[in-house]
Amino acid sequence: MFDLTRIERCGLVARIDYHETIGSTSDRAMELGAVDEGSLPLLVLAERQTAGRGRGTNRWWSDEGALTFSLVLEAPRERLPPGRWPQVALVAGVAVCEALQSLAPRAELRVKWPNDVYLGDGKICGILCESIPGWQERIVVGIGVNVNNRVQGSGFREGDREQGTGGMRQPLVAASLIEHDGVPRELTGVLVGVLDELDRRWRELLEGSFEEVAAAYRQRCLLTGKIVKIEQAGVSPIVGVCRGIDGFGRLRVQTERAEEAIVSGAVVSWEDGTRSVPAT
Ligand code: BTN
């Protein structure tokens, strides 16, 4: 059970739409964000999701004890033009990563571009950033964190698929805080920690400074120095050595031919960059 009074006091929350059980907090946030005239940010929060969505066609499984919520955020055009919206994904990823680090100081937490959060080898948090059709100034950020739910041995929970093809296949692995250190956590405290960190980074972004977020992101980047494989719709996969992110949040990848700046796409596999860049 969440302490809604405490959550309401967070800087990033003007209103809460709370549900014991819901299909998807992001579906609900998209619906409300499209018609609602109330104050923003709006937090859609649920104890349980029965039809959580991940990126693309993936599903997001969240058992009891997971944290699942979505925010409808206002992004004034003059402060955050749509061309910079991809940066929101990185802001959310680094904010969750830093919030979880405060809760689990000994955990090795990293962000996999653009915004999956990893604890060691396992994905502990997935984030879905979506624009609302017809709205130029509203963004929905959906966040799922494995907190008190057990995920080991469950295979992967995103769509029951393996990532990657060819010589760099990578089975997806999940992680949770309880499996990291055995400590059950109060979900309200975890949520407030994430919201406070997100509030801080969101303000930085709206004030026009992506550089501070980028610096924090670089310290947390899982892929820097690794050989990565990136799949993009309609084009051949890109394989190369990841050089981290640039000042716009794009992923820099050194291929056999050139350094590319990736704006969108899925990093389907990665491995230590100790061998030469394989051909695609
Ligand atoms: C991904 O890793 O593919 C993104 C997963 C996002 C899951 C969260 S859980 C809360 C919110 N509601 C959803 O249906 N999805 C997001």
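Residues numbered from 1 in each chain as written. Predicted model: local features only at pLDDT ≥ 70, side-chain atom pairs only at ≥ 80, totals over all residues. Heavy atoms only, no water.

**A look at the pattern of salt bridges**
Taken as a whole, this structure holds 18 salt bridges when the rule is applied. Glu-98 is the salt-bridge partner of Arg-201, the closest N and O atoms lying 3.1 Å from each other. Residue Arg-201 is located in helix H5 (residues 187-206), and its partner Glu-98 is located in helix H3 (residues 86-103); the two are separated by 103 residues in the primary sequence. No difference in accessibility class separates Arg-201 from Glu-98, as the two residues are buried. Linked by salt bridges that have partners in common, Glu-98, Glu-197, Arg-200, Arg-201 and Glu-204 make up one network. (Salt bridge = Lys/Arg side-chain N within 4 Å of Asp/Glu carboxyl O. Helix = DSSP H or I, 4+ residues; strand = E, 2+ residues; numbered from the N terminus. Buried < 20%, exposed > 50% of the residue type's maximum accessible area, 1.4 Å probe, protein only.)

**As for the pairing of strand S13 (residues 259-262)**
Within a regular strand, the side chains alternate between the two sheet faces. Where strand S12 (residues 251-254) lies against S13, four bridges are found, and the strand directions are antiparallel. Among the inter-strand pairings, Leu-251 is bridged to a residue of S13, identified as Ile-262. Hairpin connection between S12 and S13: a loop of four residues separates the two successive antiparallel strands. (Pairing = 2+ DSSP bridges.)

**Description of the packing of H3 against H5**
Packed helices, taken two at a time, are described by the angle between their axes plus the distance between the axes. Close contact between H3 and H5 brings their axes to 8 Å; oriented N to C, the two are set at 140 degrees. With respect to H5, the element H3 is oriented oblique. The crossing of H3 and H5 is right-handed. Along its contact with H3, which presents Gln-87, Val-88, Val-91, Ala-92, Val-94, Ala-95, Val-96, Glu-98, Ala-99, Leu-100 and Leu-103, the element H5 presents Val-190, Gly-193, Val-194, Glu-197, Leu-198, Arg-200, Arg-201, Trp-202 and Leu-205. Of the residues assigned to the contact of H3 with H5, the class counts are 14 nonpolar, two polar and four charged. (Axes fitted to C-alpha atoms, helices over the stretch in contact; angles between N-to-C directions. Parallel < 35°, antiparallel > 145°, perpendicular 65-115°, else oblique. Left-handed = near helix turned anticlockwise from the far one by under 90°. Contact = heavy atoms within 4.5 Å. Nonpolar A, V, L, I, M, F, W, Y, C, P; charged D, E, K, R; others polar.)

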